[in-house]
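One letter stands for each residue in the lines below.
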Amino acid sequence: MRREPPQSLGDYLPLLFPAAMLTIFFVVPFGTMIAVSFFQRQQGGFYTPAFVFDNYARFLSVFFGGVLGFSLMLAIIVAICCVVLALPFTYMLTRMARKVQVVWLVALLSILSLSEVIIGFAWSTLFSRTAGITNILVALGIMEQAKALTPSFGAVLTGMVYQAFPYTVLVLFPALVRLDPTLTEAARTLGASPLRAFFTVVVPALRNTITATLIMVFIFALGSYLLPQLLGRPQHWTLSVLITDQAIYQSNMPFAAAMAVFLVLVTLGLVALTVIAGRKGEAA
Amino acid sequence: MITTSIKRRTLLGAGLAGASMLAMPSILRAQDKSLKVGVYGGYFKDSFDKNIFPEFTKATGIAVESIAEPTGEAWLVQLEQAARAGQAPADVSMMSQVAMLKGQSTDLWTPLDTAKIKNASNLLDRFVNKYPDGRIAGIGAVSWYITLVTNTDVYKEAPTSWTAFWDPANADKLGLLALVSNSFLLEVTAKTFFGGTNALDTEEGLLKAFDKLAEVKPNVRLWYRDEAQFEQSLKSGEIPMGQYYHDVTGLAAADGHPVRSTFPKEGGIQDSGCWALSRASQKSEEAHIFIDYMCQPSIQATLSRKVGTSPTVKREVTDLTDKEFAAVSSDIEPIVPRYDLYQTKSDWLNQKWTELIVG
């Protein structure tokens, strides 16, 4: 294939459409949101255009700091759990026969077709006292009495990892398929055990992919607002839940917008830090 | 019933409103007089279209174009913005009490003339919404109850008081609504422990109610926004006690589920919607005829039987049997939410509430 930089205006044409879409559906709404976040809230009414920092000032409190901290921590834990589970799984999957791979991938894709609502309700039933998995443990004589596993942090985490797992596998899959098998063969020939070969050869070779996947799952998990409500207690509610409350139930758009802008900024900051740290690590 | 209506109300909204506006004009041309009526989209609108509006047209010759309105305050925003431009997307709308108050602040509602609404004399006083200077802003359209509900397998005896929420024996067993403005638990606390909702007049009183309410927290397993989630758990006994809609619980019990709805001795929570006329509307005459028609005892009784709402008129004037009345209401004096607080102190209340349940 020819690869040369675009020269005439015509070469740029294919770019126009995505650029226009990005402007209309991302840049404009995001700009509107930033503008609204500075508007003046009218309690008992709506909001008036203004330029005030009240909405940000209200957010800067120990309470919202705690909620933001929890949301970030939850998203990070979900990202780590997903990658830790998905990496060995995907690695083994790529070593399987084509037919088996197809079956697994179709099964994972079918999870993506489930909405967050269905996933939430399904897990809340599985974790319930009356119809949940603990009843099986009781039947097997492992547990004395059936008990409810939801609402709890574990339930929220399980639901979110379940939801993000297929994405993780699908992002890791192409990189692992392309991984040169001779690398591991060489390691094995030199006497490394399969486990040791995986950790000393496969994982370092995929460092960039793993970082990218962590970031993707992190951002994906940060937006979750239904599962924490369905499976957690109020202390497990993420910032997204509180943003929804303000926007939909309190019709406090300026405050909701300010929280959303803050969340985006913190997220971008964390991602930038990760990328910079990754580059430094490579240079060293 | 209310369950589905609220959920659908939220989901449908403007899209349906637009679609119905496009679809209806051809039918309207056949009639001389017409009126655009905004009703919560989904269950409410379907029921009104089926049971109420055709009869009204037959009786008065006024064609009704029903508009599906979204819940929350989105419809209020649309009405207000349209009124500024001299437009009325609906002449008469069904509005929540908080929305009524917010509309009052901009004089959105045309004052109603009770001389033209003879049946208004049937109304219970609390269903006449007035401007501070006494002009009438809205007339009660429908009302419904939130009561103390229990699973009958877990609780053999029905609880008699809201104090059951505070009973340490009910640890981790309650399902309560998650928002200060839809659970009305501050009012429940005030009525149960501090002699009435007047106790919430001062910030001091509100803080006392918050402190008392904090004692309920260990008993709460679920703070729900989504009605379906609690209803399912109540039926299965997973979460055997809580607050829920009286009519929906009655229907579930009638279907054989082990649930019951109890009016505590302090009263059930009665929430309601008003008919209000946009100031941009040119159809004042028709609107008064419509509101008068809706205040008839027989129409309120029909609403109770077909839609499951509680009558806004005095019980004596309706022909509801004891059983029919009990299915939608109670003679115990209700707890009427302090809607004014959700207008004047909404942000403060919301912040305190969120800190209470999340912190």
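Calculation rules
- Residues numbered from 1 in each chain as written.
- Chains lettered and ligands numbered in written order.
- Predicted model: local features only at pLDDT ≥ 70, side-chain atom pairs only at ≥ 80, totals over all residues.
- Helix = DSSP H or I, 4+ residues; strand = E, 2+ residues; numbered from the N terminus.
- Buried ≥ 20, exposed ≤ 12 C-beta atoms within 10 Å, placed from the backbone.
- Contact = placed C-beta atoms within 7 Å.
- Rg over C-alpha atoms; globule rule 2.2 N^0.38 Å.
- Pairing = 2+ DSSP bridges.
- Core = buried A, V, L, I, M, F, W, Y, C linked by C-beta atoms within 7 Å.
- Domains from an automatic or database assignment.
- pLDDT = per-residue confidence, 0-100.
- Axes fitted to C-alpha atoms, helices over the stretch in contact; angles between N-to-C directions.
- Parallel < 35°, antiparallel > 145°, perpendicular 65-115°, else oblique.
- Left-handed = near helix turned anticlockwise from the far one by under 90°.
- Nonpolar A, V, L, I, M, F, W, Y, C, P; charged D, E, K, R; others polar.

> Lay out the overall build of chain A with the relevant residues and their values.
Looking only at helices and strands, chain A has 13 helices and two strands in total. Going through the 284 residues of chain A one by one, you find that 27% of them count as buried. By sequence separation, contacts in chain A at least 24 residues apart represent 66% of the contacts at least 6 residues apart.

> Which residues make up the overall build of chain B, and what are the values?
If you tally the helices and strands in chain B, you get 17 helices and 10 strands. For chain B, the C-alpha radius of gyration of 20 Å lies close to 21 Å, the compact-globule estimate for 359 residues. Seen along its three principal axes, the alpha-carbon backbone of chain B occupies a region of about 65 × 45 × 40 Å. Looking at chain B as a whole, 53% of its 359 residues are labelled buried. If you take every contact in chain B between residues at least 6 apart in sequence, the share linking residues at least 24 apart comes to 76%.

> For the pairing of strand β5 (residues 136-151) of chain B, give the residues involved together with the corresponding values.
Successive side chains on a regular strand alternate, one facing one side of the sheet and the next facing the other. Residues and elements named next belong to chain B. Most of β5 sits inside the fold, with 15 of its 16 residues counted as buried. Pairing analysis gives three bridges linking strand β4 (residues 128-130) to β5, with the strands arranged antiparallel. Residue asparagine 129 lies in a different strand from β5, and its bridge partner there is glycine 138. Where β4 hands over to β5, the hairpin turn is made up of five residues, of which glycine 134 adopts a positive phi near 100 degrees.

> Could you give an account of the nonpolar core, naming the residues involved and the relevant values?
Burial of nonpolar side chains together is a common tendency in soluble globular proteins. The biggest cluster of nonpolar side chains holds 96 residues, and the ones touching the most others in it are B:Val92, B:Ile139, B:Leu186, B:Trp275, B:Phe290 and B:Ile291. A total of nine residues in this core trace back to one element, the largest contributor, which is β5(B). Among residues more than four places away in sequence, those in contact with B:Val92 are B:Leu35, B:Val37, B:Gly38, B:Trp275, B:Leu277, B:Ala287, B:Phe290 and B:Ile291. A:Ala86, A:Leu87, A:Trp123 and A:Val156 belong to the second-largest nonpolar core, a separate cluster that totals 28 residues.

> Give me the domain arrangement of chain B: which residues, what numbers.
One widely used convention gives an interface's size as the accessible area the parts lose upon coming together. Residues and elements named next belong to chain B. Its domain assignment divides chain B into domain 1 (2-143 + 271-328) and domain 2 (146-269 + 335-358). Each of domain 1 and domain 2 was reduced to a C-alpha centroid, and the two centroids are 28 Å apart. With 13 residues of domain 1 at the contact, the number on the domain 2 side is 15 residues. Mapped by element, the contributors of at least two residues to the side of domain 1 that touches domain 2 are α1 (2-11), α7 (97-105) and α15 (322-328).

> Residues and numbers for the interface of chain B and chain A, please.
In this assembly, 25 residues from chain B lie in contact with 24 residues from chain A. Put simply, the parts of the chain that give the side of chain B that touches chain A at least two residues each are α7, β7 (220-224), α11 (227-236), α16 (339-344) and α17 (346-358) of chain B. Among the elements that make up the side of chain B that touches chain A, the one with the highest residue count is α17(B) (seven residues).

> Outline the environment of A:Pro151, listing residues and values.
In this fold, A:Pro151 is placed in the loop between α6 (134-139) and α7 (153-178). Look at A:Pro151 and you get buried, because 24 C-beta atoms sit within 10 Å. Look past the residues within four positions of A:Pro151 in its chain and what remains in contact with it is A:Leu231, A:Gly232, A:Arg233, B:Arg221 and B:Leu222.

> I'd like a description of the confidence of the model for chain B, backed by residues and values.
Of the residues in chain B, 91% reach a pLDDT of 70 or more, and the chain-wide mean stands at 88. For this predicted complex, the interface confidence comes out at an ipTM of 0.84, alongside a pTM of 0.83.

> Tell me about the environment of B:Glu333, and name the residues and values.
Note that B:Glu333 resides in the loop between α15 and α16. For the pair B:Glu333 and B:Gly267, spaced 66 residues apart in the sequence, the C-alpha separation amounts to 5.6 Å.

> Any chance you could break down α7(B) for me, citing the residues and the numbers?
Counted residue by residue, α7(B) has seven buried out of nine residues, so it is predominantly covered. The elements touched by buried residues of α7(B) are α6 (74-84), β3 (92-96), β4, β5, β10 (269-277) and α16 of chain B.

> How would you summarise the packing of helix α5 (residues 53-60) of chain B against helix α13 (residues 284-294) of chain B if you had to cite specific residues and measurements?
The packing of two helices is summarised by the inter-axis angle and the distance between the axes. All names here are of chain B. Two numbers describe how α5 lies on α13: the axes approach to 11 Å, and their chain directions differ by 120 degrees. Classified by the angle their axes make, α5 and α13 are oblique. Crossing angle aside, the handedness with which α5 passes α13 is right-handed. Contacts between α5 and α13 involve Phe56, Ala59 and Thr60 from the former and Ile289, Phe290 and Tyr293 from the latter. Considering only residue class, the contact of α5 with α13 consists of five nonpolar, one polar and no charged.

> Residues and numbers for the packing of α7(A) against helix α10 (residues 207-222) of chain A, please.
Residues and elements named next belong to chain A. Direction vectors running N to C along α7 and α10 enclose 150 degrees, while the axes themselves pass 10 Å from each other. It follows that α7 is roughly antiparallel to α10 by the angle criterion. Once α7 is placed against α10, the crossing between them reads as right-handed. On α10, the residues that touch Met160, Ala164, Tyr167, Thr168, Val171, Leu172 and Ala175 of α7 are Thr209, Thr213, Met216, Val217, Phe220 and Ala221. Grouping the constituent residues of the contact of α7 with α10 by class yields 10 nonpolar, three polar and no charged.

> Go over the pairing of β10(B), please, and point to the residues and values.
All names here are of chain B. Within β10, nine of the nine residues are buried, which leaves it mostly tucked inside the rest of the structure. Here five bridges tie β3 to β10, and the two strands are oriented antiparallel to one another. Residue pairing across strands places serine 96 opposite glycine 273, the latter belonging to β10. With eight bridges connecting them, β5 and β10 associate as antiparallel partners.

> So what's going on with the environment of B:Gly308? Which residues, and what values?
Residues and elements named next belong to chain B. The topology assignment puts glycine 308 in the loop between α14 (297-306) and α15. Residue glycine 308 is classed as buried on the basis of its C-beta count, with 22 C-beta atoms lying within 10 Å. Distance from glycine 308 to serine 143, taken between C-alpha atoms, is 9.3 Å for residues 165 residues apart in sequence.

> I'd love a proper account of unusual backbone geometry, names of residues and values included.
Following A:Thr150, the chain continues into A:Pro151 via a peptide bond in cis, with omega recorded as 0 degrees. For B:Asp172, which is not glycine, the phi torsion reads 60 degrees and is therefore positive. Mapped onto the elements, B:Asp172 comes out in the loop between β5 and β6 (174-177). Take B:Asp172: there are 12 C-beta atoms within 10 Å of it, and that puts it in the exposed class. In this structure, B:Phe184 takes a positive phi of about 55 degrees despite not being glycine. Position of B:Phe184 relative to the elements: it lies in the loop between α8 (180-183) and α9 (185-193).

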